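# A structural walkthrough
Listed below, chain by chain, are the residues.
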Amino acid sequence: MQSELMTLTGVSHSFYTVEGETTAIQNLDLTVYEGEFLAIVGPSGCGKTTVLSLMMGLISPTAGSVRVFRKGLRLGYMLQRDHLLDHRTVEKNVLLGLEVQHRLTEESKARAFALLDKYGLGEFRSYKPQQLSGGMRQKVALIRTLALEPDLLLLDEPFSALDYQTRLNLSDEVYRIIRSEHKSAILVTHDISEAVSMADRVAVFSARPARLKELVDIGFSAALTPLERRAQPEFHDYFDRIWKELKP
Amino acid sequence: MKHTAISEAHAVFLRRVRRDARIVVLSRIAVLLGFLFLWELGADLKWFDPFILSSPSRVIRTIVRLYQDGSLWLHIGTTLLETVLGFLLGTVLGALIAVLLWWLPKLNRILDPYLVVLNALPKIALGPVLIVWIGAGMASIVVMGVLVSLVVTTVTVLNGFLAATDEKQLLMRTLGATKLQTFFMVVLPAGVPDLISALKISVGMSWVGVIVGEYLVSKAGLGYLIVYGGQVFKLDLVMASVTVLCILAALMYYAVAFLEKKVRN
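Residue positions are counted from 1 within each chain, in the order its sequence is given. By the order in which they are written, chains take letters starting at A while ligands take numbers starting at 1. In view of the model being predicted, local features appear only for residues whose pLDDT reaches at least 70, and side-chain atom pairs are presented and counted only at 80 or more, with totals across whole chains, interfaces and linings using the full set of residues.

### Concerning the interface of chain B and chain A
As a measure of interface size, the accessible area lost when the parts come together is often cited. Residues are scored as being in contact if the C-beta atoms we place from backbone atoms lie within 7 Å. Counting from both sides, the interface comprises 13 residues of chain B and, opposite them, 11 residues of chain A. Looking at side-chain class alone, the side of chain B that touches chain A contains eight nonpolar, three polar and two charged residues. Basically, the charged four are Asp, Glu, Lys and Arg, the nonpolar ten are Ala, Val, Leu, Ile, Met, Phe, Trp, Tyr, Cys and Pro, and anything else, Gly included, counts as polar.

Laid out in structure tokens, this is it:
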């Protein structure tokens, strides 16, 4: 068995407004293992993003506990939109996180720039974000996250703002990057095909308040890229299984 | 795709763009010359009384006379100094207040209705009070220029800051940024365009404040000349001062617009 990175035990979370109370998550148990790619799918608005916010420590659970198994576990968060800063060049955007965390050294800088080179953005280093396509921008955002050398990546619907073709290509590329950098990752998405094509395990959430309905092990070899996985005959079986689980 | 060699159709297009630009510039000059010509002609042919409406030649003669007796530069210098001071102080103070209100959202909520009222209030209504409080001198006029530009700067800049914050705050939180880092790395750079549009608004506002201030209390300046000219029925003097004012205000506006272009690049 792989070693555990993080465990949620009996986690519930509610949001309060003047109008009332919304329970986003109820009594959720979930474990993330080292080196795995876990996808979370569920109907939109079911509290998937809340799970990532809880893991990231941006919010605290109303009940239950979030347990981290390794001291100093570094988390990297990738948002739905790239949020690149328009007044910074690509390379300055990539260094933003390092700057914020006072970890900007010659070494960390070189590593970040090496990532840009390695994933085909080297020649765009001095460009402004406005000059890049949506897919390239999202890749810059991923490298901004990777520059912080996270052990666990939290991906919050990172492809949903892109057109379909860009989406397929980029998910292939992100998959390759995450695998070759040996990262663990959690992908939140409402797109079943995306989850099946990228993940080792898929956690299916119910409608709000989110509970864990089912954990589906995806048995593809890690060597297959997301696009290749989509062409496998078993792909549709996984898809159908999750589709049925998602039905209310 | 960018081609270095220009196709025939592209050349035609470029010629048309240049021709349109020329037509616009020439028409602008024609409008000005036509206006001046009709004004002068009307005065010469007594369509109206040039004593009341003056004429371009009388305006020029008046400006030359002011220049010869040495008072032109005194009046221009006085008004310009007051306006630049009012503009700079108003902008700097206004921007600083915007930073403070961004930093303390609770304070912003508390003061919001007051800011709305101050923004709606015609600041020049405070003129007579300022003279009593500060005294009948240049200080009152400068404070007037400050007041008129301050509130509009605060409101514009604060809105820019808040818009930038909404967008990127989540990102900065996921990176673990402090409030100070968020301000200097995201909010301030994103707020620069708003700061510049505030400059463009407040440069005009400062002129309003200063001229009204001079109407109320002054011994020199273009506003003083206009009031004085009106009182002793020297309409030539009024028109000459307004003309000079037009030129100065335009120059200052274009200076700010030039600065904007510099900053944007």
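Next comes the rest of the description.
### Examining the packing of helix α4 (residues 71-103) of chain B against helix α8 (residues 179-216) of chain B
Residue and element names in this part refer to chain B. Put simply, α4 and α8 touch, their axes get as near as 8 Å, and they point 140° apart. It follows from the interaxial angle that α4 and α8 lie oblique. Between α4 and α8 lies a crossing of right-handed hand. Residues Thr79, Glu82, Thr83, Gly86, Phe87, Gly90, Thr91, Ala95 and Trp102 of α4 touch α8, and the partners they reach there are Val187, Leu195, Ala198, Leu199, Ser202, Val203, Ser206, Trp207, Gly209, Val210 and Glu214. Of the residues assigned to the contact of α4 with α8, the class counts are 10 nonpolar, eight polar and two charged. Axis lines are fitted through C-alpha atoms, for helices just across the contact stretch, and the angle between N-to-C directions can take any value from 0 to 180 degrees. Comment: elements are numbered from the N terminus, with helices defined as DSSP H or I runs of at least four residues and strands as E runs of at least two. Note that the term roughly parallel is reserved for angles under 35 degrees, roughly antiparallel for angles over 145, roughly perpendicular for angles of 65 to 115, and oblique for everything else. For any pair of crossing helices, the crossing counts as left-handed if the nearer helix is rotated counterclockwise from the farther one by less than a right angle, and right-handed if it is rotated clockwise.

### Some words on the domain arrangement of chain B
By convention here, the domain bounds are inherited from an automatic or database domain assignment. The assigned domain composition of chain B is domain 1 (8-48) and domain 2 (56-264). Here domain 1 of chain B and domain 2 of chain B have C-alpha centroids that lie 32 Å from each other.

### With respect to the environment of B:Val116
Turning to its location among the elements, B:Val116 is positioned in helix α5 (residues 105-120). It is 32 Å that separates the C-alpha atoms of B:Val116 and B:Leu222, two residues lying 106 residues apart in sequence.

### Some details on unusual backbone geometry
Cis geometry is adopted by the peptide bond preceding A:Pro209, which originates at A:Arg208 and carries an omega value of -5°. Checked against the element boundaries, A:Pro209 lands in the loop between β8 (201-205) and β9 (212-217). Phi is positive for A:Glu149, close to 50°, though the residue is something other than glycine. Note on placement: A:Glu149 falls in the loop between α5 (134-146) and β6 (152-156). Partly exposed residues are those whose C-beta has more than 12 but fewer than 20 other C-beta atoms within 10 Å; with 20 or more the residue is buried, with 12 or fewer it is exposed, and the C-beta atoms are placed from the backbone. In this structure A:Glu149 comes out as partly exposed when scored by C-beta crowding, with 16 C-beta atoms within 10 Å. A positive phi angle is found at B:Ser54, which is not glycine, with a value near 60°. Along the chain, B:Ser54 turns up in the loop between α2 (50-53) and α3 (56-68). Given 24 C-beta atoms within a 10 Å radius, B:Ser54 is considered buried.

### A few points about the sheet that holds strand β3 (residues 37-41) of chain A
Residue and element names in this part refer to chain A. Two strands make a pair as long as DSSP finds a minimum of two bridges between them. Ordered in space as β5-β6-β7-β3-β8-β9, the six strands form an open sheet in which the pairing is mixed. The sheet terminates laterally at β5 (75-78) and β9, the two strands that pair on one side only. Sheet twist, expressed as the mean angle between neighbouring strand axes with direction ignored, is 15°. Where β5 and β6 come together, four bridges link them in parallel fashion. Bridging across to β6, tyrosine 77 finds its partner in leucine 154. Set on the sheet, helix α1 (residues 48-56) makes contact with β3, β5, β6, β7 (184-189) and β8; between it and β6 the angle comes to about 150°.

### Digging into the sheet that holds strand β2 (residues 21-33) of chain A
All names here are of chain A. Read from one edge to the other, the open sheet built from three strands follows the order β2-β1-β4, with strand pairing classed as antiparallel. Unpaired on one side and paired on the other, β2 and β4 (63-68) mark the two borders of the sheet. Taken pair by pair, the neighbouring strands of this sheet meet at an average axis angle of 15°, ignoring direction. Pairing of strand β1 (residues 4-16) with β2 involves nine bridges; the strand directions are antiparallel. Each bridged residue has a counterpart across the sheet, and for phenylalanine 15 the counterpart in β2 is threonine 22. Strands in contact with α1 are β1, β2 and β4; relative to β1, the strand with the most contacts, it is inclined by about 120°.

### Describing the confidence of the model for chain B
In this model, chain B carries an average pLDDT of 91, and 98% of its residues clear a pLDDT of 70 or more. The complex prediction reports pTM at 0.81, with the ipTM value standing at 0.84. The score called pLDDT rates the predictor's confidence residue by residue, from a low of 0 to a high of 100.

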